[in-house]
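Analysis of the macromolecular model
The primary structure of each chain is shown beneath.
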Amino acid sequence: MKQMRNGRRGPRRTSARGDRVEAPLVWTFDGPFALCLQDMEDTFRRAIVQVGDVSRILVQIDLSLPALKPRVDAGEAIQPAWGQFVDRLSHGYGLPVAPRVRHLSARGPLATMVIAYRS
């Protein structure tokens, strides 16, 4: 697994309700599919600790289909690991909604995880 980028983009803003809207946290993952899922969950756990008590949190995962195809062709299994991963994130960490997953047709890292939150 390669974590290629970890950081915040953009300044903090104040919403109409007066809450601070933080810049999103962004990570990219590349490598064997199952290992990427483990690394994403570990990174998510660490991010939850980092952001602390927040009023709102959303998680988006972008999967690059061109990066996934060679892994599947080489025999890597997607299920049941993917279903278990989404279930753990959705129910095990108290997220208000399941992570949003976008399937990208663009080449790039296998997965990009974005966490947006409001203090």
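Residues numbered from 1 in each chain as written. Predicted model: local features only at pLDDT ≥ 70, side-chain atom pairs only at ≥ 80, totals over all residues. Heavy atoms only, no water.

**A word on the overall build of the chain**
Assigned secondary structure in the chain consists of three helices and seven strands. Counting helices and strands in the order they occur from the N terminus, the chain gives β-β-β-β-α-β-α-α-β-β. Burial analysis of the chain (119 residues in total) assigns 38% to the buried set. Carbon and sulfur atoms provide 52% of the accessible area of the chain, an area that totals close to 6,900 Å². (Helix = DSSP H or I, 4+ residues; strand = E, 2+ residues; numbered from the N terminus. Buried < 20%, exposed > 50% of the residue type's maximum accessible area, 1.4 Å probe, protein only. Areas by Shrake-Rupley, 256 points an atom, 1.4 Å probe, with all protein chains shown as cover.)

**Comments concerning the confidence of the model for the chain**
Confidence in the prediction for the chain averages 85 pLDDT; 82% of positions are at 70 or higher. Scored below 50 in pLDDT, residues 1–5 shows 16 contacts in the model against residues more than four places distant or in partner chains. The low-confidence segment residues 8–15, where pLDDT is below 50, has 21 contacts with residues more than four positions distant or belonging to other chains. (pLDDT = per-residue confidence, 0-100. Contact = heavy atoms within 4.5 Å.)

**With respect to the packing of aromatic side chains**
Geometry of an aromatic ring pair is reported as the spacing of the ring centres plus the angle between the planes. In the structure shown here, the tally under the stated rule is three aromatic pairs. With 6.2 Å between their ring centres and 40° between their planes, F33 and W82 make a pair best called tilted. Of this pair, F33 sits in helix α1 (residues 33–51) while W82 sits in helix α3 (residues 81–92), and the two are 49 residues apart along the sequence. Measuring from ring centre to ring centre gives 5.6 Å for W82 and F85, while their planes differ by 40°; the resulting arrangement is tilted. (Phe/Tyr/Trp six-rings, centres within 6.5 Å; stacked < 30°, edge-to-face > 60°.)

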